[in-house]
Amino acid sequence: MIAKIGKGSNMYGAILYNQQKVDKENGTVLLLNKIPDTVDGRYSVAYFNKCFEPYLSANIKTEKTVRHISLNPDPADKVSDEQFMEMAQEYMERMGYGNQPYIVFKHTDIDRMHIHIVSTCVAIDGKKIPDDYDHPRSMAICRDLETKYNLQKATEQEHKQSNKVFKPVDYHKGDIKSQIASVVRYLPKHYSFTSMGSYNALLSLFNITAEEVKGERNGQPVNGLVYVALDENGNKASNPFKASLFGKDAGVAQLQKHFEQSKEKMKTTPIRSVLKNTIELAIHTTNNEIEFKKQLTEQGINTVVRRNNEGRIYGMTFIDHEGRTVWNGSQLDRNLSANAFNDWWNNGNKPEPKIQDSPVSNTNTLENLPTTDFFEFISQEHSSNSDLGLFNLLSDAQGEDYEEEQFANKMRKKKKRGRKW
């Protein structure tokens, strides 16, 4: 089972991403923890967002208050809703979020069923729940859940790969040939990639580029490869080194075989859908290229953007270091292509989805819930904190939701400009 932990500051965007799946009948709400249920079991983004408001309003100094976690069993695993709920509860309890409000969504828009959990790391007293070493703790919990529920286990190869560390080339240190060799001799053994372009995107993380050399020798066509070190700005910083200096795995012929093998392997890997969901969430919850890249980097995913001299984006590559795979955006989904990101980052046309909240009857919305009822629900296990005055903020929150208003204003402006999404 693969777990992804997203850390951000946009609660509304995280809820919107999941609730839209429910609205389009591609998902369901499986479980609510520390969140009031509704009479008819129907919810909206605004409803859920307000449920987190007392915790977010209490925040003292935490910058990234949102936790968005996905638990992804292998496609071969058959997991019931009851098991998903049990796994979510155990996972959140052991990660330290058992007393936090959280929502468990099940996504059904792809063949591989999986769940998303939206929560906050801010406790009701405004302090941050410790998240040191959360990645290794998460991996240990996943291994235990695999055993407990008889799920497919992560392969030994994946464990070995996660222990392999490659260092970027530093041309200042000299002996560039040996530095390049330490990367290119072993990189194909640990990462799957399907083209020279995706290979170069991966190499760029290590300050290396590969160039194909074509010509003739004794009347015969020659197709070779050379490697060059790059500086911190991506400019060439060394003479070219022939691929033959680094063994057969670094040459054209062997790489072509690797491309074909990777294509077959990546057709069936569950990592594809996990990565797609993670990237789509980052689009929903970030506002620009810097925020987008940073959010993905924190989840072990590098984004390599290729631009021409005019600044137009013509290539988007995503490198998932946990799954050790390299993907072009268009491989994952046409909505993740270079054109889509160029339209966002260069033209300001972010692919914002329209709000399609499930209707909630007036008697069930937080706007019409008596403040005292909601106060009693949240304060049942936090009565000692009642002197903090946090719940006085609830009455101020009854009027308008500022994030929702901002979202609606954006949509109205786009409508006036005649844009379609």
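Right above here is the structure, for reference.
Residue numbers here run from 1 along each chain, matching the order of that chain's written sequence. Restriction of local features to residues with pLDDT of at least 70 applies here, the model being predicted, together with a cutoff of 80 or more for giving and counting side-chain atom pairs; totals for whole chains, interfaces and linings are based on all residues. Note: side-chain values were computed over all heavy atoms of the structure, leaving out hydrogens and water.

(A) Local environment of the overall build of the protein. Elements are defined by DSSP. Helices are runs of H or I of four residues or more, strands are runs of E of two residues or more, and each kind is numbered from the N terminus. Counting secondary structure elements, the protein contains 17 helices and eleven strands. For every residue, the accessible area (1.4 Å probe, protein chains only) is compared with the maximum for its type, and the residue is labelled buried under 20%, exposed over 50%, or partly exposed between those bounds. In the protein, buried positions account for 49% of the 421 residues. Counting contacts in the protein only where the partners sit at least 6 residues apart, residues at least 24 apart contribute 67% of the total. When the accessible area of the protein is evaluated, it comes to approximately 21300 Å², of which 47% is carbon and sulfur surface. Pairs of residues are marked as contacts when any of their non-hydrogen atoms sit within 4.5 Å. Working definition of accessibility: Shrake-Rupley area with a 1.4 Å probe, residue cover restricted to the visible protein chains.

(B) Structural view of empty space enclosed by the protein. Here a cavity means grid points, on a 1 Å grid over the protein atoms only, where a 1.4 Å probe fits yet cannot get out; a pocket means an open set of points with protein on both sides within 12 Å along at least five of seven lines; lining residues are those with an atom within 4 Å of a point. Grid points are joined across faces, edges and corners, and a volume is the space filled by probe spheres set on the points. Overall, the coordinates contain four cavities of 30 Å³ or more when judged by the stated rule. Taken as a whole, the largest cavity encloses approximately 70 Å³ of empty space. Gly-6, Lys-7, Gly-8, Asn-10, Ala-14, Val-66, His-68, Leu-281, Thr-285 and Gln-295 together form the lining of the largest cavity. Throughout, the ten residues Ala, Val, Leu, Ile, Met, Phe, Trp, Tyr, Cys and Pro are labelled nonpolar, Asp, Glu, Lys and Arg are labelled charged, and all others, Gly among them, are labelled polar. Classifying every residue of the lining of the largest cavity by side-chain character gives three nonpolar, six polar and one charged.

(C) Fine view of the sheet that holds strand E9 (residues 301-307). Spatial strand order, E9-E10-E11: three strands in an open sheet with antiparallel pairing. Where the open sheet ends on each side, the last strands, each with one partner, are E9 and strand E11 (325-328). Ignoring strand direction, the axes of neighbouring strands in this sheet form an average angle of 20 degrees. The pairing of strand E10 (residues 313-320) with E11 spans four bridges and is antiparallel. Its bridge partner being in E11, Ile-319 is matched across the sheet by Val-326. Each of E9, E10 and E11 touches helix H11 (residues 271-285); the most contacted strand, E10, lies at about 120 degrees to it. DSSP calls a pair of strands paired once it identifies at least 2 bridges connecting them. Axis lines are fitted to C-alpha atoms, over the contacting stretch for helices. Their N-to-C directions set the angle, which ranges from 0 to 180 degrees.

(D) Representation of the pattern of salt bridges. Salt-bridge detection follows one rule: a side-chain nitrogen of Lys or Arg within 4 Å of a carboxyl oxygen of Asp or Glu. Counted by the stated rule, this structure contains 19 salt bridges. Between Lys-148 and Glu-90 there is a salt bridge, with the nearest N and O atoms lying 2.8 Å from each other. One end of the pair, Lys-148, is in helix H5 (residues 134-148); the other, Glu-90, is in helix H4 (residues 81-94), and 58 residues separate them in sequence. When its relative accessible area of 52% is taken as the criterion, Lys-148 is described as exposed. For Glu-264, the salt bridge identified is with Lys-267, shortest N-O distance 3.2 Å.

(E) View of the packing of H4 against H5. Across the interface, H4 lies against H5 with an axial gap of 10 Å and an inter-helix angle of 150 degrees. Between H4 and H5, the angle falls in the class roughly antiparallel. Considering how the two elements wind past one another, H4 and H5 form a crossing that is right-handed. Together, Met-87, Glu-90, Tyr-91 and Arg-94 of H4 and Arg-137, Ser-138, Ile-141, Cys-142, Asp-144, Leu-145 and Lys-148 of H5 make up the contact between the two elements. Within the contact of H4 with H5, the residues separate by chemical class into five nonpolar, one polar and five charged. Small angles under 35 degrees read as roughly parallel and large ones over 145 as roughly antiparallel, with 65 to 115 read as roughly perpendicular and the rest as oblique. Note: crossing handedness is left-handed where the near helix turns anticlockwise from the far helix by less than a right angle, and right-handed where it turns clockwise.

By themselves these figures say nothing about function.
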